[in-house]
Amino acid sequence: MIRAAARLALALFYFAAGVIHIVSPRPFLIIMPQWVPAPEAVVLWTGIAELLGAVGLAQGASLPIRRAASIGLALYAVCVFPANINHFAIDLAKSDHGAGLAYHVPRMFAQPVLVWLALWAGGVIEWPWKPRTR
């Protein structure tokens, strides 16, 4: 029951994020590291990846699809981490420090939690509630 609720909450989160990436890409383009090629295309495709991951995670018909979606969303959270770090650096360089440490520090710690949550909610891992058996 808790896993299903977490799975649907995470799917809603990623679905909303995907829509925002596609409809309003400007905030994401601002925080994109300079070394990323074709930033507009990257933001568009990250939005599409979030939408597909959300649908795959939310669906209940296929466990393999749900697991693949959860792995994809976990990898996505790892891949966008450089943009989060860049956003942190951009904000702290501003005279008013942008969103500040109260926003950025928890966000940095939340990223590994999102990776774990995607894998757990999608049924890829059981940790920490079920011990490994050999």
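As a reminder, the structure under discussion sits directly above these lines.
The structure contained in this document is the topic of the report that follows. These numbers were taken from a predicted model, which means no experiment stands behind them. (Residues numbered from 1 in each chain as written. Predicted model: local features only at pLDDT ≥ 70, side-chain atom pairs only at ≥ 80, totals over all residues. Heavy atoms only, no water.)

Let us look at the nonpolar core. Counting residues in hydrophobic clusters, the biggest one holds 14 residues, and the most contacted among them are Leu10 and Tyr14. Among the elements of the structure, α1 (2–23), α3 (39–58), α4 (63–79) and α6 (101–121) are those that each provide at least two residues to this core. In this structure, Tyr14 is in contact with Glu50, Leu51, Ala54, Leu73, Tyr76, Ala77 and Leu114, ignoring residues within four places of it in sequence. (Core = buried A, V, L, I, M, F, W, Y, C linked by side-chain atoms within 4.5 Å. Buried < 20%, exposed > 50% of the residue type's maximum accessible area, 1.4 Å probe, protein only. Helix = DSSP H or I, 4+ residues; strand = E, 2+ residues; numbered from the N terminus. Contact = heavy atoms within 4.5 Å.)

Looking now at the packing of α3 against α4. Remark: α3 packs on α4, axes separated minimally by 8 Å, with the N-to-C direction vectors making an angle of 145 degrees. For the crossing formed where α3 meets α4, the hand is left-handed. Residue-level contacts link Thr46, Ala49, Glu50, Gly53, Ala54, Gly56 and Leu57 of α3 to Ile65, Arg66, Ala69, Ser70, Leu73 and Tyr76 of α4. Residue composition of the contact of α3 with α4, grouped by class: 7 nonpolar, 4 polar and 2 charged. (Axes fitted to C-alpha atoms, helices over the stretch in contact; angles between N-to-C directions. Left-handed = near helix turned anticlockwise from the far one by under 90°. Nonpolar A, V, L, I, M, F, W, Y, C, P; charged D, E, K, R; others polar.)

With that settled, consider the side chain of His21. Considering the arrangement of structural elements, one finds His21 in helix α1. Looking at His21, its side chain comes within polar contact range of the main-chain oxygen of Ala17, at 2.9 Å. Among residues more than four places away in sequence, those in contact with His21 are Phe28, Val43, Thr46, Gly47, Glu50 and Tyr76. (Polar contact = N/O pair within 3.5 Å; in protein donor to acceptor, adjacent residues only side chain to side chain.)

These values are about where atoms sit, not about what they do.
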